[in-house]
Structure formats: C-alpha cells, structure tokens
Amino acid sequence: MAPPAQSQRSPSPSQPSGKGEVSDLKLQLRQLAGSRAPGTDDTKRDLFKKVISYMTIGIDVSSVFSEMVMCSATSDIVLKKMCYLYVGNYAKHNPDLALLTINFLQRDCKDEDPMIRGLALRSLCSLGVANLVEYLVGPLGNGLKDGNSYVRMVAAVGVLKLYHISASTCVDADLPALLKHLMLKDKDAQVVANCLNSLQEIWGLEASTSEEAAREREALLSKPVVYYFLNRIKEFSEWAQCIVLELVAKYVPTDSEEIFDIMNLLEDRLQHANGAVVLATIKVFLHMTLSMTDVHQQVYERIKAPLLTLVSSGSPEQSYAVLSHLHLLVMRAPFIFCSDYKHFYCQYNEPFYVKKLKLEMLTAVANESNTYEIVTELCEYVANVDIPMARESIRAVGKIALQQYDVNAIVDRLLQFLEMEKEHVTAETLVLVKDLLRKYPQWSHDCIAVVGNISSKNVQEPKAKAALIWMLGEYAQDMQDAPYILESFIENWDEEHSAEVRLHLLTAVMKCFLRRPPETRQALGAALAAGLADFHQDVHDRALFYYRLLQYNVSVAERVVNPPKQAVSAFADTQSSETKDRIFDEFNSLSVVYQKPSYMFTDKEYRGPFAFSEELGNLSIGTDSGDHIIAAQGVEANDKDLLLSTSEKEDNQGYRSNGGSAYSAPSYDNSTTTGAFEAQLDLVSLDNLSTQTSSSLAIDELLGLGMPTTPSPAPSLPALKLNAKAVLDANAFQQKWRQLPVSISQEISIDPRGVAAMTTPQALSRHMQGHSFHCVASGGQSPYYKFFFFARKEEESSAYLVECIINSSTCKVQLKIKSDDPTTSPAFLEMFQSALSKFGMP
C-alpha cells in the first residue's frame, strides 16, 4: 500500500523563507510598477500583504519604499489602504522617505473617489514631519470645503493633527475659523462633532497665550451654541453625543427654568443602550442641580433605575465601570439606595473585583431595616471557597457592626465565625473583634470567652496574631491563661518575623504584668531581654523604653502603658471629604474607577513611591553603577510610624524614651529566677541610670534580667564575606526581587557629610562598589535618591538585594533587604550600614 501523499503547505506570509526574501519582493514590485496587465492588482495585493506582514512582526522593509510608492498608482482601494499603512509607518521616522510620498498623496487628495481623497488626506496629516507642514495647509483647506462628508470629517481631525505638529502654521492659515464655520453650518452630524472636538482642544491649548482663543473657548459655552448642539443631539453618533454632553456639563444655566428645560430635553438619553451616553447625561443632571438640594435628591432617584439596569447588562468590565460610578453615588447618598440593597448581592459567576465593590456598597446601604438580611447574605459568602471573597465578607460584616446597626446579632455572627476553624476566617475575625472591643467594651465578656478557646498555634497571620496578643494584654484579668499564652509567644520570639507582632507582644506583656505580676514576671523579663537584643530599631526602642519606665516608677509605667481609655467613637475614613468631592467633580472619568482625583495618577509629583515594575524604566541600569543617570520620579517621604500601631498610639501617646542616657542593657536569658513583686519602687533619676540603685537592682532581680557590672556587649554576628566580582543583570534582579520576601525593613541615619558628598547618584554607587555592594539601578533628584544594590556571599550562591532610598533633606535612609538566607540578613545589614557610614568621610 502506497504511503499517503504529504500535504503541500505553502509558507506563511509572515515567515520569510530566506535572507533574500525582501530583495525578491523589491524586484517583483518593481516589475509590477506601472503595469496595467489583467490580474496585476491581485498580484500586487499578495505582495503588499507580505510587506505589511513583515513590517508587523518587526522586519525592516523600508528598502522597498520607492517600489511601494510606484505601485500605489491604482484605483484599488484595498491597495491604497495597505500602501498608506506602510507609508505612515516608515515616513514619520524618516523625513527623507516622507518627502517621496508628498507628491502621490497630494495627487490622491484630488482623486475622483471621495474614499481615496479621505484616506490620502488622513495619511498626509499622519506623517508628523515638521518640515513638511507647508504641504498640508492646501489639502486641508480643500478638504474642509469638499462636497463629501467623509472628506470633511477627516479634514476636521487633520487640522488638529497639524496644530500638534506646528501650532503657528495652523493658526496663521486661519484653519480654526474654517472649523468653527463648518461646525455651525454643516449638515452632517459627524463632521460637526469632529469640528467641536478639534476646536475644544485647539482653543483650550491656545487660551493661555491668546485672548482671542480664550474668548472663542468661552463662546463654545454660550447659550446659542449649547442649544444648537442639544437640538441636534439625536443626529449624533453615540460617541459624538458624549462629546456634546461633556460640553453641556460645563455650561452654567441662567436660572432653574433653563435647568429643567435642558433636563427635559435630555431625559430620553437616560434610556440609551450605550452606558457612556447614560453616564454623560447623569453627569449633566448632577452638576446642574448641585445648588438645588431637593431637585438634586430627585435626580438621584431618577438615575437609580438606569444605572442598576446598566450594571446587570454587558460584560464584567463594563459593569465594573458603571458600578464604580454607582458606588460613588451610594457613598454620597446611601439612604436613597437602602431599599435596593438586593441589587448589590453578588452573583457566583462575577469576577472578584466586581464582588468587592458590591460588598462595599452593601456595607454603605445597611441600616436598621435591612441589616439582618444583608448580614445573612454576607455570612453565606464567608463560607465561600474563594478565600479573598470570604475575607472581604468578614470585613463587611465588621464594618456594619461598627455602624451601630443591630450590634447584638452581628457580634454573635462574628463569634460563630471563630468556630468554623478555617485559618483565614479566624484571622480576619480576630482583627474585627479587636476593633469591636475598642468601640464596644461592654461586649468584652462574650468575646473573650470565645477568643480564649482559640489555640494560638492556629493563628499564623501577623495581623491576626497582633489582634490576639492585644486582647490578651488588654483583658488579661478576664482571660485565665493570658500570661501563659503570651509566654508561649515569647518563647518563639526568634521565629517571629513580623515587627508588628513583636511590638504588640511587648505592650501586651507589660499590661499583663501590671495586672497579674506574679504570673507574668518571668515572661516580661524574657520579652524585655529579647526586645533589647532585637535588630529592628522600633522593637529595640520600645523594649528599652519599657525597661527604663519600670526602673523609674511602676505606677507611672501603668499610667503610660495602660491608662483609662474611652471607647472609640468613630474610625478614621480612608478618604477625606475633599478628595471625595474632587472625584465627584470628575464624574464619568477614570478618577471614579481609580477612586482618586486625576492629579494623583497623572501628575508625576503626586505619585507615591513607584513600584519596582516601573523603576527600572526610570533608573539607569548597569552593573558598573551606571554612567548616565536618568532622573527618577520623586519619592515621597515615608511617614509611617512602625513603632506604634493604631490602637497603641492611643495607649502610649506622648511618651518616648530618651536614648541619650547611659544604661546597663540586660542580657537575653530565659532562665527562671525567684523574687517577689514590689508594688512601688523608689524613684530613680533618669539622668543617673548608670548608678546602680536599690530600685534598679530590685526590678532586674524581679524580672530575672540580671545586672552585670558593665554593659553587656551586643550579640556577635556571624562573619560575612562578600564576592567583589559578583554579577547580576537587571532582569534577573527584578525577577528575584519579586520572588523573595522582605527580611529587614529599617530606617537609619546618614552623616550630613555623606549627603553633601552625594552630588550625583553614581558617586555613592562607586563608593559602595568598592565594598562589594554592586549597584543594579540608581536615579532620582534632590532631595530623594533611590538605589538598588546586589551582593553575593564569597563562597556561596546566597544573594542579597537592597532597596535604598535616601532623603538628603533629613539625612534619613530607608532600607529594605531581601535575601536567600534571611538568617544572615542582620550581619549583612551591619556591613551595609558600615559601608554607607564611610561615604564622604575623610
């Protein structure tokens, strides 16, 4: 039996068969240029398709430019389109080639076929070559007067393109005046819309330098012009209607009667199928009635149905955009939407970003009449297999509880969550119970009874640990096992990587000690010793502060650490009312979707610290620390206070340690010692803590710390040697940075002489290079400089990655270290600090 014949497959047009493919194309195109034989156009199409496909995948086919231009002498529109696409791609980057296209494009602008005239005019205006603007004025003037609406429509946009190439040429040719005449007189609605769009941009840019342009821009908002557009609005396409409605939203009516006339005229636009038209109309209604409170509220009632309809139709992305605007309105007037809460229930097939927005809206519309139904629905989501959804649902239940709606039932529901024995549910619930106890202390008995049954081994997330530890310290007298649970946390001190947890642990043990001293004495001694030996500066400072406070006076320590507290009346909002008003002013824009004013994501100076994914594009890259430094975005100062959490700031306001006094730091010793609690210690001068008094000896003996005659030395760090010739390219650095967790995050000070020596970022890069810290990326401008350093152990493959942000105005340095071997990060930090401290020193 003969084998089956192999199928003949022609090579893909996007895959060149050899190096001479482009040369063959050039030869074939040259042979076809000027040919009028039958079938020539079909052959040209095949060749043009090959050229375009090569160009699309990045192959340079500029060598066939002249042949493509010669072959464009045809009446075939498809060939014309492909030729214009090719010409537009190469001509804008090569003015010499662009000059070759002028003649045939100008010729095509006079073609009998209006489609070819329009395409040629569009291609001519898209060349973007400043030296050729004089060739655009004539065709544009003729295009604005053309008898075909398509050509006039293209010419209206072409005027704007000419303005961006050469504003003076456009204004001197009086093309804006022709646009204005066309806008007010043309019968084609799309031509009118294009003229309006071009004039708004031209006069908006010219208004700052030309009084005439400023007057013309104001004339667009005059009553006759606005009414002219409103009367023709049904003739416009959907997107042209959006342009008109955006103009109308800026118009200021003279009286309420005019407002009602405009709203009546636009009433039917609220039923439009296009969501953009509906949102643009809603913006007009909302902005025009801001000064009319009663009417403004009626507008909310009127626009509610169209918005809810749009949310339930279309793709998830479209629904999210509409839902974001609805979310803004719900936050401004939740009482209007409280009866429609079921529309905000989540569907199983909705993406998480839509569900999250709906949960926020359910939280906002909850009141006495619907809280039970909403919380019941949210409790169903808690059992969802989607963990992020379950977390958000628990937070939503907590927010409703903090709004003082049916607190009794909600607290019971939250406590039931703790019995589900799911780690993520337990973690989120503990955080919320902590906030509830801060606002409703009267619920402490019920909450603590349930929380006390939770095994600390089942709580792994840092925020949940911190919440549990806070409750153990705050309600130590009500929780029988509190001292022993805290002691188990202290025993695992070295395994706890979160500074937040260690800070909470110090405060909780202090509170527990002040209430149950005999049981907590040993735990407090171990916690203070561990804190004083901690490498995190905030943890070390807090432990030292508590140690000195106990040496000074125990009763004072109790007033500082555990003062009488009032219940929290309201938690701080994440957004100020001013920010919300600015977002409302920018209704129907990305500001609503991003939930921030436009200046926060368009103006560079308002952007926060940039993400690493964007940094390497703005910084200089190179293992040699870079010779050409590109100015990076300004990095905002980091004002976060890692020393105190929100709750602890209330506990410890106004008290900070004086680091200048001499002291004898206790060593880290967990051994059990005997002693008795002394209710009141003798006063010891803070200025003479180095003098061993009976009081300081007593507190050290009591806590089992021991007081050596000389300050105990700092714990020795393992010796660390770095590879001076280590290399890591920027892409590998970026990938590794995303994979590794942060092992150390710390703020340190730098000598002012070092700041003065840093005239440019590369000065520091070269200095650190000499200490085996290799700069991968650097940049910035005064007062902020940002660096990424890389180092590797001499005999191992373990790598260290460092993000270093220097504020030259405050002489502060923010360090973030990631490592393959976190246990050696403290030793690496010491080496890095040592090298940094030598910069600029004589």
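Each residue is numbered by its place in its chain's sequence as written, counting from 1. Confidence filtering applies because this is a predicted model: local features only for residues at pLDDT of at least 70, side-chain atom pairs given and counted only at 80 or more, and all residues used for totals across whole chains, interfaces and linings. As a rule here, side-chain values cover all heavy atoms of the structure and leave hydrogens and water aside.

Enquirer: Can you explain the overall build of the protein chain? Please cite residues and give values.
Expert: Regarding its fold elements, the protein chain presents 41 helices and six strands. Buried, partly exposed and exposed residues are distinguished by accessible area as a fraction of the type maximum, computed with a 1.4 Å probe on protein chains only: under 20%, between the cut-offs, and over 50%, respectively. Looking at the protein chain residue by residue over its 842 residues, the buried ones come to 51%. Any two residues whose heavy atoms approach within 4.5 Å are treated as being in contact. When contacts within the protein chain are restricted to residue pairs at least 6 apart in sequence, those whose partners lie at least 24 apart make up 68%. Calculation of accessible area relied on Shrake-Rupley with a 1.4 Å probe; when residues are assessed, cover is drawn exclusively from the protein chains displayed. With an accessible surface of roughly 40800 Å², the protein chain has 50% of that area assigned to carbon and sulfur atoms. Secondary structure elements are defined from DSSP: runs of H or I of at least 4 residues count as helices, runs of E of at least 2 residues count as strands, and each element is numbered from the N terminus.

Enquirer: Tell me about the packing of aromatic side chains, and name the residues and values.
Expert: Here a pair means two rings of Phe, Tyr or Trp (six-membered ring of Trp) with centres within 6.5 Å. Their orientation is stacked below 30 degrees between planes, edge-to-face above 60, and tilted elsewhere. In total, this model carries 20 aromatic pairs according to the counting rule given. For the ring pair Y800 and F828, a centre distance of 4.4 Å and an interplane angle of 5 degrees mean the geometry is stacked. Of the two residues, Y800 is situated in strand β5 (residues 799-807) and F828 in helix α41 (residues 825-837); the sequence distance between them amounts to 28 residues. Here Y800 and F828 have matching classes, each one buried. Here the aromatic residues F773, F787, F789, Y800, F828 and F832 are joined through ring pairs into a cluster of three or more. Over the ring of Y227 we find K223; its NZ or CZ atom is 5.5 Å from the centre of that ring. In this scheme, the term charge over a ring applies when either NZ of a lysine or CZ of an arginine sits within 6 Å of the ring centre and within 35 degrees of the ring normal. One Lys or Arg, R332, reaches over the ring of F584 and ends 3.7 Å from the middle of that ring.

Enquirer: Give me the lowdown on the nonpolar core, citing residues and values where you can.
Expert: If you look at the biggest cluster of nonpolar residues, it comprises 214 residues, and the most contacted ones within it are Y86, F229, L326 and L430. Sorting elements by how many residues they give to this core places helix α28 (residues 499-515) first, with 11 residues. What L430 contacts, discounting residues up to four positions off in sequence, is L418, V451, I454, V459, A464, A467, L468 and M471. By nonpolar core is meant a set of buried Ala, Val, Leu, Ile, Met, Phe, Trp, Tyr and Cys residues that side-chain atoms within 4.5 Å join together. Formed by 31 residues, the second largest nonpolar core is a distinct cluster that contains I744, V755, C775 and C811.

Enquirer: Pulling in residues and values, what's your account of the packing of helix α21 (residues 371-382) against helix α23 (residues 407-417)?
Expert: For the pair α21 and α23, interaxial distance at closest approach is 11 Å and the crossing angle is 5 degrees. The angle between the axes of α21 and α23 places the two elements in the roughly parallel class. In this structure, α21 contributes T371, Y372, V375, T376, C379 and V382 to the contact, and α23 contributes I410, R413 and F417. Helix axes use the C-alpha atoms of the stretch in contact, all axes being lines fitted to C-alpha atoms, and the angles between their N-to-C directions lie in the range 0 to 180 degrees. Oblique is the label for every angle not falling under 35 degrees (roughly parallel), over 145 degrees (roughly antiparallel), or within 65 to 115 degrees (roughly perpendicular).

Enquirer: If you had to explain the pattern of salt bridges to someone new, which residues and values would you point to?
Expert: Within this document, salt bridges are pairs made up of a side-chain nitrogen of Lys or Arg and a carboxyl oxygen of Asp or Glu, the two lying within 4 Å of each other. By the definition in use, this model includes 30 salt bridges. A salt bridge links D340 to K304, with the shortest nitrogen-to-oxygen separation between them at 2.9 Å. With D340 in the loop between α19 (334-337) and α20 (352-365) and K304 in helix α17 (residues 293-311), this pair connects stretches of sequence that are 36 residues apart. With a relative accessible area of 13%, D340 lands in the buried category. Across the salt bridge formed by E474 and K511, the nearest N and O atoms sit 2.7 Å from each other. Placement of E474 in helix α26 (residues 462-474) and of K511 in helix α28 is noted, with a sequence separation of 37 residues between them. Within this structure, R391, E392, R395, E428 and E461 form a network of salt bridges that share partners.

Enquirer: Help me get a handle on the packing of helix α40 (residues 761-769) against α41, residues and values and all.
Expert: The interhelical angle for the contact between α40 and α41, taken along N-to-C directions, is 125 degrees, at an axis separation of 10 Å. The orientation of α40 with respect to α41, classified from their angle, is oblique. For the pair α40 and α41, the crossing hand works out as right-handed. Between α40, through L764, H767 and M768, and α41, the contact on the second element is made entirely by F832, A835 and L836. Note on residue categories: nonpolar means Ala, Val, Leu, Ile, Met, Phe, Trp, Tyr, Cys or Pro, charged means Asp, Glu, Lys or Arg, and polar means any other residue, Gly included. Its residues placed into classes, the contact of α40 with α41 shows five nonpolar, one polar and no charged. Crossing chirality is assigned from the near helix's rotation relative to the far helix, an anticlockwise turn below a right angle marking it left-handed and a clockwise turn marking it right-handed.

Enquirer: Explain the state of the cysteines residue by residue, including any values.
Expert: What makes a disulfide is a covalent bond joining the sulfur atoms belonging to two cysteines. By disulfide we mean two sulfur atoms from cysteines, separated by a distance within 2.5 Å. Evaluation of the coordinates by the stated rule reveals zero disulfides. The cysteine C71 is free of any disulfide, with C83 supplying the nearest cysteine sulfur at 8.4 Å.

Enquirer: Give a description of the pairing of β5 that names residues and reports values.
Expert: In terms of burial, β5 is largely enclosed, as nine of its nine residues are buried. Here β5 shows no split at all, with A799, L801, E803, I805 and N807 on one side and Y800, V802, C804 and I806 on the other all buried. Examined bridge by bridge, strand β4 (residues 784-792) and β5 share nine bridges and lie antiparallel to one another. Along β5, the bridge assignment pairs F788 with E803. We treat two strands as partners when DSSP finds at least two bridges between them.

Enquirer: A description of the environment of Y251 should follow, citing residues and the corresponding values.
Expert: Relative to the helices and strands, Y251 resides in the loop between α14 (238-250) and α15 (256-266). Under the relative-accessibility criterion, Y251 is labelled buried at 7%. Sequence spacing of Y251 and E218 is 33 residues, and the spatial spacing of their C-alpha atoms is 9.8 Å. Ignoring sequence-local partners within four residues, the contact set of Y251 consists of L221, S222, K223, V226, E258, I262 and M288.

Enquirer: Can you lay out the side chain of K793 for me, pointing to particular residues and giving the numbers?
Expert: Turning to its location among the elements, K793 is positioned in the loop between β4 and β5. Only 3.3 Å separates the side chain of K793 from the side chain of D821, close enough to count as a polar contact. What K793 contacts, discounting residues up to four positions off in sequence, is L720, K721, L722, N723, S798, Y800, D821 and T824. Any N or O atom pair separated by 3.5 Å or less is treated as a polar contact, with the protein-specific requirement of one donor-capable and one acceptor-capable atom, and with residues adjacent in sequence counted only for side-chain atom pairs.

Enquirer: How would you sum up unusual backbone geometry? Please name residues and give values.
Expert: Of note, the phi angle at D174 is positive, near 60 degrees, even though the residue is not glycine. When its relative accessible area of 47% is taken as the criterion, D174 is described as partly exposed. Look at Q595: it is not a glycine, yet its phi comes out positive at around 60 degrees. Here Q595 is to be found in the loop between α33 (590-594) and α34 (599-602).

Enquirer: Which residues make up the confidence of the model for the protein chain, and what are the values?
Expert: Here the protein chain shows a mean pLDDT of 80. Residues at 70 or above account for 83%. Scored below 50 in pLDDT, residues 608-693 makes 188 contacts in the model with residues more than four places away or belonging to other chains. Note: pLDDT gives the predictor's confidence per residue, expressed from 0 to 100.

Enquirer: Requested: an account of the pairing of strand β6 (residues 812-819), with residues and values cited.
Expert: Counting buried residues along β6, six of its eight residues qualify, which places the element largely inside the surrounding structure. In this sheet, β6 lies alongside strand β2 (residues 742-749) in antiparallel orientation, the contact comprising seven bridges. Paired with I744 across the two strands is I817, which belongs to β6. Where β5 and β6 come together, eight bridges link them in antiparallel fashion. Its bridge partner being in β6, C804 is matched across the sheet by L815. Linking β5 to β6, which pair antiparallel, is a turn of four residues; within it C811 sits at a positive phi near 55 degrees.

Enquirer: Got a sec to walk through the environment of R30? Specific residues and values, please.
Expert: By the element assignment, R30 lies in helix α1 (residues 21-32). Along the sequence, R30 and S66 sit 36 residues apart, while their C-alpha atoms lie 8.9 Å from each other. At 2.5 Å, the side chain of R30 and the side chain of E67 are in polar contact.

Enquirer: Residues and numbers for the environment of L308, please.
Expert: Residue position: L308 is located in helix α17. According to the relative accessible area criterion, L308 is buried, its value standing at 12%. In this view, L308 contacts L326, D340, H343 and F344; residues no more than four positions away in its chain are not counted.

Enquirer: Would you mind going over α26 in detail, with residue names and values included?
Expert: By this rule the span expected of a helix is its residue count minus one, scaled by 1.5 Å. Here α26 spans 18 Å end to end across 13 residues, near enough to the 18 Å set by a 1.5 Å rise per residue. Most of α26 is tucked away, with 11 of its 13 residues classed as buried. For α26, the full list of buried residues reads A464, K465, A466, A467, L468, I469, W470, M471, L472, G473 and E474.

Enquirer: Describe the side chain of K304, listing the residues and the values that go with them.
Expert: Overall, the relative accessible area of 11% leaves K304 in the buried class. Residues in contact with K304, not counting those within four places in the same chain, are I336, F337, S339 and D340.

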